[in-house]
Amino acid sequence: MYDVVVIGAGVTGCACAMELSFLNTTVLVVEKEADVCCGTSKANSGIVHAGYDARPGSMKAKMNVEGSAEMEALCARLDVPYKANGSLVISNTEEGRAKLLRLLEQGKQNGVKELRIVEKEELRKLEPHLVEEACCGLYAPTAAIVCPFELTIGMAEVATLNGVEFQFETKVEAIKPVEDGYVLTTTSGEVRAKTIINAAGVYADELHNWVSKKKRRITPRKGEYYLLDKEVGNHVACTIFSLPTKAGKGVLVAPTTHGNLLVGPNAEDGTDKSGTNTSRHGLQEVLEKSGRHVANLPMRQVITSFAGLRAHEEEDDFVLGEVEDAPGFFDCLGIESPGLSSAPAIGKYLASLLKNKLGLAKKEHPIRQRKAVTRMKDLDLAQRNAWVEKNPAYGTIVCRCEEISEGEIMEAIHRPLGATTVDGIKRRTRAGMGRCQAGFCLPKTLEILARETGIPMEQLTKNGRTSSYIKGKTK
Ligand SMILES: Cc1cc2nc3c(=O)[nH]c(=O)nc-3n(C[C@H](O)[C@H](O)[C@H](O)COP(=O)(O)OP(=O)(O)OC[C@H]3O[C@@H](n4cnc5c(N)ncnc54)[C@H](O)[C@@H]3O)c2cc1C
């Protein structure tokens, strides 16, 4: 029997697992997909929001401000890309100024530091590519960007190093309360747990409703994006937002930590919780709204598009804590934006509740740091040569767009919670994330993955289950 079973290996499940790994306890993370970071945590804007959006007093506001404040130090410990680039909410009209002032006031109430209104002249200096009509903005210097994959993977690796177990391709299908906890029926057999953290993203309402009479309902709210090539990654420096509406923060234009440009998302409520496909009308909407504040967006440089699903809960707040009529069952539910920014605080908060519930003691010397896969591209010539001398595989470039070597791919496979799929390699190294979107490197990546894992080439997949590449041999 485990002390805690965490359901879901997204950014919140992994944050909980990492924080619990600093305590003397037994933890299992179960995930229906083949790797960590396969749900919403892999498809978002990567913004570390300053914290002025959420209603004062809400869990969203509290977790956002606390999480953002911790993010830089956490990323430094986990060797995860983070950049304090600031954000701007832009108004093209004087009527919008009142809304900006309301956001400013709300931000102050939430405890956001350094927030201020900037006027046209300063706006231009900060962002020369803004449209002529942009007349004022709310500037949040504490906003930042982070790599969502590496953040999630980093936290999961630290958890593993401290003894947390992960079980992939394991879907929880039923949860039954028993005298000393819960029995989970999964696709890999039964698991017993004293307590459960329900971090199942858009599916968290279903799991909650199995154990509680107070029903929850999550609506998957889709957001679609364009990702642009690195050539145009510096078209803006800050994250550029429109004035928020009821549906969310609107279409933004932002750089990514790896130097691309991101344009999106829209917001469309649906019913399909697995529907992360992009659509013609969704991308068209993004296109139409994208030029509202940023001029001459270089949309010819689009290299891919993608979509993510926000877990929108009816009460419009994060639901965090023990369920009243299900002792030992803890919800981490309704974690839509700013869930990524909030994840460090959510992990700490839930781990503290579990610590009290189970009477857990702190571990004496837990591991709190990890080193990411070597980034050859960021090294100087002498450092690169030293790596190639140690292992010539670091001298063979596999992904030409992102300049990723065979040695880096091998590292991604042979590390705690190492990659077993092509997407796993992509998210740990960036091989296949560049302009050609794996057009050139995929066959070589498959060869390395088969060689290093011993998995036959025909059984290798993009992201688990039926997503295999090789269907048979030609003559
Ligand atoms: C378009 C969009 C833009 C966003 N932009 C930002 C942003 O810029 N900044 C920000 O702070 N936040 C942003 N967010 C929000 C943020 O991405 C999410 O809040 C966060 O990723 C949620 O993480 P999670 O771990 O709760 O969920 P997920 O990442 O979805 O993880 C849940 C996991 O549970 C697993 N699971 C589900 N059911 C089961 C089951 N029965 N058994 C086993 N496993 C199961 C899933 O496979 C999944 O891996 C954005 C979200 C979207 C959709």
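Nothing here was measured: the structure is a model prediction, and the numbers come from that model.

**Focus: the overall build of the chain**
Phase 1: The secondary structure content of the chain amounts to 12 helices and 22 strands.
Phase 2: The C-alpha atoms of the chain give 22 Å as radius of gyration, which agrees with the globular expectation for 475 residues (23 Å, within 12%).
Phase 3: Counting only C-alpha atoms, the chain reaches 60 × 60 × 45 Å along its principal axes.
Phase 4: Expressed as a percentage of its 475 residues, the buried residues of the chain come to 56%.
Phase 5: Within the chain, counting contacts between residues at least 6 apart in sequence, those at least 24 apart form 72% of the total.
Phase 6: Surface summary for the chain: the accessible area is close to 20,700 Å², and the carbon and sulfur share equals 50%.
Phase 7: Taking the 62 positively charged and 61 negatively charged side chains of the chain as two groups, their mean positions are separated by 1 Å.

**Some points on the pairing of strand β16 (residues 261–264)**
Phase 1: Residues L261 and V263 line one face of β16 and the alternating positions L262 and G264 line the opposite face, and both faces are buried.
Phase 2: Here strand β13 (residues 218–228) pairs with β16 via three bridges, running antiparallel. Its bridge partner lying in β16, L227 is registered against L262.
Phase 3: Bridge analysis of strand β15 (residues 252–255) against β16 gives four bridges, and the strand direction is antiparallel.

**Observations concerning the pairing of strand β5 (residues 87–91)**
Phase 1: Most of β5 sits inside the fold, with five of its five residues counted as buried.
Phase 2: Residues S87, V89 and S91 line one face of β5 and the alternating positions L88 and I90 line the opposite face, and both faces are buried.
Phase 3: Where β5 lies against strand β7 (residues 136–140), five bridges are found, and the strand directions are antiparallel. Along β7, the bridge assignment pairs L88 with Y139.
Phase 4: Where β5 lies against strand β14 (residues 239–241), three bridges are found, and the strand directions are parallel. Across the sheet, the residue bridging to S87 is T239, located in β14.

**Observations regarding the sheet that holds strand β8 (residues 144–146)**
Phase 1: Across the sheet, which stays open at both edges, the three strands sit in the order β3-β8-β4 with antiparallel pairing between neighbours. Because the sheet does not close on itself, it has two edges, and the strands there are β3 (47–48) and β4 (82–83).
Phase 2: With two bridges connecting them, β4 and β8 associate as antiparallel partners. Within β8, the residue paired with Y82 across the bridge is V146.

**With respect to the side chain of T374**
Phase 1: Topologically, T374 is positioned in the loop between α8 (339–358) and α9 (381–390).
Phase 2: Note on T374: relative accessible area 11%, which makes it buried.
Phase 3: For T374, the side chain forms a polar contact with the side chain of E411, separated by 2.6 Å.

**Describing the site of the ligand**
Phase 1: As a matter of local geometry, the ligand sits amid 39 residues, with E31, S41, I47, I335 and S341 nearest to it.
Phase 2: G46 is positioned with one of its backbone polar atoms (N or O) 3.5 Å from an oxygen atom of the ligand.
Phase 3: The backbone of V172 places a nitrogen or oxygen atom 2.9 Å from a nitrogen atom of the ligand.
Phase 4: Where the shell around the ligand is concerned, the elements lending two or more residues are α1 (11–20), β13, β18 (302–313) and α8.
Phase 5: Across the shell around the ligand, the residue classes tally to 16 nonpolar, 17 polar and six charged.
Phase 6: Of the domains in this structure, domain 1 (2–41 + 149–218 + 315–358) and domain 2 (82–144 + 219–311) are the two that each give at least three residues to the shell around the ligand.

**Concerning the packing of helix α10 (residues 406–413) against helix α12 (residues 442–453)**
Phase 1: Closest axis-to-axis distance for the α10/α12 pair is 10 Å, and the angle between their directions is 45 degrees. It follows that α10 is oblique to α12 by the angle criterion. Along this stretch, α10 crosses α12, giving a crossing that reads as right-handed. Contacts between α10 and α12 involve E406, I409, M410 and I413 from the first element and K444, T445, I448, L449, R451, E452 and T453 from the second.
Phase 2: Across the contact of α10 with α12, the residue classes break down as five nonpolar, two polar and four charged.

Criteria and cut-off values
- Residues numbered from 1 in each chain as written.
- Predicted model: local features only at pLDDT ≥ 70, side-chain atom pairs only at ≥ 80, totals over all residues.
- Heavy atoms only, no water.
- Helix = DSSP H or I, 4+ residues; strand = E, 2+ residues; numbered from the N terminus.
- Rg over C-alpha atoms; globule rule 2.2 N^0.38 Å.
- Buried < 20%, exposed > 50% of the residue type's maximum accessible area, 1.4 Å probe, protein only.
- Contact = heavy atoms within 4.5 Å.
- Areas by Shrake-Rupley, 256 points an atom, 1.4 Å probe, with all protein chains shown as cover.
- Lys, Arg positive; Asp, Glu negative; His and termini not counted.
- Charge placed at Lys NZ, Arg CZ, Asp CG, Glu CD.
- Pairing = 2+ DSSP bridges.
- Polar contact = N/O pair within 3.5 Å; in protein donor to acceptor, adjacent residues only side chain to side chain.
- Near = heavy atom within 4 Å.
- Nonpolar A, V, L, I, M, F, W, Y, C, P; charged D, E, K, R; others polar.
- Domains from an automatic or database assignment.
- Axes fitted to C-alpha atoms, helices over the stretch in contact; angles between N-to-C directions.
- Parallel < 35°, antiparallel > 145°, perpendicular 65-115°, else oblique.
- Left-handed = near helix turned anticlockwise from the far one by under 90°.

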